[in-house]
Amino acid sequence: NTKMNYTKGPWEIEGSNVLANDRTVAIVFDPDSCHCTEVSKANTRLIAAAPVMYKAGKDALVSLKLWANQHPDDEVLAMVITELEYALAQAEGKY
């Protein structure tokens, strides 16, 4: 069980900045434009949601594994668990 060391939130959006506790966590740009675009706005929202999504993923993984223990032959469930484990490991810097 990996303990993530990241800036605690909530993370909020202010223009193209992602802030946590009034400090800049990220400044987001559209690589194809120097202006704030729909792409940069979408990227900003995704980055700002990362801590909440990470926690939700960790919580869901616990529940899914408990469910999988009761349904060991469910291949779709096993695939979902594998994909979620990979995504969380990526967030933890393991990939």
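Not measured: the values here are computed from a predicted model.

## Some thoughts on the sheet that holds strand E3 (residues 23-27)
(1) Moving on: Strands sit in the order E1-E2-E3 across an open sheet of 3 strands; the sheet is antiparallel. On the outer flanks of this sheet lie strand E1 (11-14) and E3, each paired with one strand and no other. The average undirected angle you get between the axes of adjacent strands in this sheet is 35 degrees.
(2) Moving on: Pairing of E1 with strand E2 (residues 17-20), which is carried by 4 bridges, proceeds in the antiparallel orientation. Bridge pairing links Ile 13 to Val 18 in E2.
(3) Moving on: Against the sheet, helix H1 (residues 38-70) makes contact with E1, E2 and E3, and its axis sits at roughly 160 degrees relative to E1, the strand it touches most.

## Section: helix H2 (residues 75-91)
Given 3.6 residues per turn, any residue in an α-helix points the same way as the ones three and four places further on.
(1) Moving on: Between its first and last C-alpha atoms H2 spans 24 Å; for 17 residues at 1.5 Å apiece the expected length is 24 Å, and the two agree.
(2) Moving on: Within the sequence span of H2, burial applies to Leu 77, Ile 81, Leu 84, Leu 88 and Ala 89. Taken end-on, H2 shows its buried residues confined to a sector of 135 degrees, consistent with a single buried face. Set apart from the buried face of H2 by more than 90 degrees, the exposed residues are Glu 75 and Val 76.
(3) Moving on: Elements that come into contact with the buried residues of H2 comprise H1.
(4) Moving on: N-capping of H2 is provided by Asp 74, with a side-chain oxygen placed 3.2 Å from the backbone N of Val 76.
(5) Moving on: Count one or two residues on from H2 and you reach Gly 93, which has phi positive near 80 degrees.

Conventions adopted
Residues numbered from 1 in each chain as written. Predicted model: local features only at pLDDT ≥ 70, side-chain atom pairs only at ≥ 80, totals over all residues. Heavy atoms only, no water. Pairing = 2+ DSSP bridges. Helix = DSSP H or I, 4+ residues; strand = E, 2+ residues; numbered from the N terminus. Axes fitted to C-alpha atoms, helices over the stretch in contact; angles between N-to-C directions. Contact = heavy atoms within 4.5 Å. Expected span 1.5 Å × (residues − 1). Buried < 20%, exposed > 50% of the residue type's maximum accessible area, 1.4 Å probe, protein only. Arc of directions from axis to C-beta. Polar contact = N/O pair within 3.5 Å; in protein donor to acceptor, adjacent residues only side chain to side chain.

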